[in-house]
Amino acid sequence: MENYNVNYSVHLPSYSIGPDCYNEVPYVTRFFGKTAVVLGGETAMEKAKPALLKGVEGSDVELLGFLPYGGDSTYENGDALIANPLVQKADMIFAMGGGRACDTGKYVADKLDKPLFTFPTVASNCASVTAISVIYNTDGSFREYYYPKLTNHCFINSAVIADSPEQLLWAGIGDALSKECEAIFSSKDDTLAHTPLMGRQVSRVCTDPLVQYGKEALTSIRNKTASFALDQVTLDIIVSTGIVSNMMTTVNDYYYNSTLAHCVYYGSTVTEHGHHHLHGEVVSLGVLCLLEHAGQFEEEDRLMQFNDSIGLPVCFDDVEIQESEFDKMADKFMQTTEWAHMPQGVTRENFLESMRRENAKGRAFKAAKT
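All right, on to helix H7 (residues 166-176) then. Within H7, eight of the 11 residues are buried, which leaves it mostly tucked inside the rest of the structure. Within the span of H7, buried status applies to Leu169, Trp170, Ala171, Gly172, Ile173, Gly174, Asp175 and Ala176. Check the buried side of H7 and you find it contacts helix H8 (178-186), helix H10 (208-222), helix H11 (228-247), helix H12 (260-268), helix H13 (279-294) and helix H14 (297-310).

Written out as structure tokens, the structure is:
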């Protein structure tokens with residue numbers, strides 16, 4: 001240890017939540033510039049624009065424009081925005097919308113080295129607070145991860161979230177269900193240093209709030225009504241999982257952010273019908289496959305019952321994937337970052353067998369209900 005000399009920085013997400021949190025925008029951004037351009041989904045901007053305009057009214061913040069991000073987080077869409085004169089002129093980038101809009105905004109802000117502020121309009125993932133962007137090919141298939149800088153601040157308007165599609169919160173719950181089991185499983189072979197060790201411990205608070213408040217939160221969003229339960233689930237999906245991601249992911253040293261549950265999702269993108277299903281929907285099924293592989297059968301049973309209670313999948317029939325497509329799925333997920341950082345003991349064949357066993361369990365669970 002005599003020559004030990006390692007320097008690194010950890011940036012934790014800062015955030016505001018509440019129905020009037022956009023009123024904080026002028027104060028939070030005051031040291032970063034005066035002009036901003038909003039990049040986002042068209043529907044998202046339509047819903048959140050009035051609140052943002054009201055929030056910056058009478059302040060020094062000038063919004064130069066609201067630009068559609070292109071519909072997917074691709075390098076092509078990001079590069080087109082980088083070339084836009086309004087984006088080049090703005091002091092700050094405001095990314096507004098779902099995960100792919102935020103991921104695109106992160107790429108743009110990183111390439112231009114401009115301050116970034118995110119405005120998630122759905123509680124479907126942690127993209128608005130993480131230092132990782134999921135990049136897709138133009139045909140919609142997964143391409144790679146891009147590692148941008150962390151957003152400077154995230155504004156979570158609970159009134160906007162309450163007015164978002166129920167299906168996206170539903171899928172967000174499914175995605176967040178993976179964080180604890182994946183973080184613990186992927187890091188199980190390693191002695192962890194301070195930062196990933198903290199991330200693993202934070203992951204342990206990600207599952208239970210979803211199980212406790214998930215059904216009530218879905219009722220709230222169905223009724224377009226803010227509630228304590230909806231806030232708890234929103235913060236779990238966006239902030240808790242985001243902290244884990246930031247603390248358990250580096251470009252070169254380690255990657256514990258996701259593993260087998262996400263392999264199931266990336267594999268689904270090359271199946272005939274599975275790619276039509278939402279990311280978090282398929283990931284929630286991948287969670288059951290991971291728990292089956294890890295031998296955590298009690299937790300698998302608990303989460304299978306929870307999935308069923310809110311309509312998330314319990315077997316591959318629910319996401320229109322045939323077992324005959326499993327080999328094609330494996331060809332895809334073995335190309336991913338997740339597979340490259342897999343813990344010891346996982347092989348293509350033993351995980352495919354775990355998927356088959358989980359599929360049989362899920363089918364039996366459904367049959368027992370009828």
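Our next topic: the nonpolar core. Membership of the largest hydrophobic core comes to 65 residues, with the highest contact counts inside it found for Leu169, Ile173, Phe316, Phe333 and Met355. A total of eight residues in this core trace back to one element, the largest contributor, which is H13. Not counting chain neighbours up to four residues away, the residues in contact with isoleucine 173 comprise Leu210, Gly214, Leu218, Val233, Ile237, Phe306 and Ile310.

Relative to the elements of secondary structure, valine 160 occurs in helix H6 (residues 158-162). Sequence spacing of valine 160 and threonine 241 is 81 residues, and the spatial spacing of their C-alpha atoms is 20 Å. Filtering out sequence-adjacent residues up to four positions away, valine 160 remains in contact with Tyr22, Ala48 and Thr121.

A few words now on unusual backbone geometry. In this structure, lysine 224 takes a positive phi of about 55° despite not being glycine. Its location among the elements puts lysine 224 in the loop between H10 and H11. A positive phi angle, close to 60°, is found at glutamate 320, a residue other than glycine. Looking at the secondary structure, you find glutamate 320 in the loop between H14 and helix H15 (326-333).

Here we take up the layout of surface pockets. In this structure, the second largest pocket occupies an estimated 570 Å³ of space. Every residue lining the second largest pocket is counted, 23 residues in all, and those nearest its centre are Ser9, Asn246, Thr249, Thr250 and Tyr254. If you list the elements that add at least two residues to the lining of the second largest pocket, you get helix H9 (194-203) and H11. If one sorts the elements of the lining of the second largest pocket by residue count, H11 sits on top with three residues. Class assignment for the residues of the lining of the second largest pocket results in 14 nonpolar, seven polar and two charged.

Before going further, it helps to examine the sheet that holds strand E1 (residues 15-18). What the six strands build is an open sheet, ordered E1-E8-E5-E4-E2-E3; its pairing is parallel. Each edge of the open sheet is held by one strand with a lone partner, namely E1 and strand E3 (62-68). Ignoring which end each strand starts from, the neighbouring axes of this sheet average 20° apart. As paired elements, strand E2 (residues 35-40) and strand E4 (residues 92-97) share five bridges and run parallel to each other. Counterpart to glycine 40 in the pairing with E4 is methionine 96. Along the sheet, helix H5 (residues 99-112) makes contact with E2, E4 and strand E5 (116-120), crossing E4 at roughly 165°.

Procedures and definitions
- One numbering rule holds for all chains: residues counted from 1, following each sequence as written.
- Two thresholds apply to this predicted model, a pLDDT of at least 70 for residue-level local features and 80 or more for giving and counting side-chain atom pairs, whereas whole-chain, interface and lining totals are computed over all residues.
- Only hydrogens and water are set aside; all other atoms, that is, all heavy atoms of the structure, feed into the side-chain values.
- The cut-offs for exposure are 20% and 50% of the maximum accessible area for each residue type, with area from a 1.4 Å probe on protein chains only; residues under the lower value are buried, those over the upper are exposed, and the others partly exposed.
- Every helix listed is a DSSP run of H or I at least four residues long, and every strand listed is a run of E at least two residues long, numbered separately from the N terminus.
- The contact criterion used is simple: two residues touch if any of their non-hydrogen atoms lie within 4.5 Å.
- Only buried residues count toward a nonpolar core, which is a set of Ala, Val, Leu, Ile, Met, Phe, Trp, Tyr and Cys residues joined through side-chain atoms within 4.5 Å.
- Both cavities and pockets are sets of points on a 1 Å grid over the protein atoms alone; in a cavity a 1.4 Å probe fits but cannot get out, in a pocket the set is open with protein on both sides within 12 Å along at least five of seven lines, and lining residues sit with an atom within 4 Å of a point.
- Grid points are joined across faces, edges and corners, and a volume is the space filled by probe spheres set on the points.
- Under this grouping Gly is polar, as are all residues other than the nonpolar Ala, Val, Leu, Ile, Met, Phe, Trp, Tyr, Cys and Pro and the charged Asp, Glu, Lys and Arg.
- Being paired, for any two strands, means DSSP has found at least two bridges between them.
- Each axis is a line fitted through C-alpha atoms, taken for helices only over the stretch in contact, and angles between the N-to-C directions span 0 to 180 degrees.

Read these as geometric descriptors, not functional statements.
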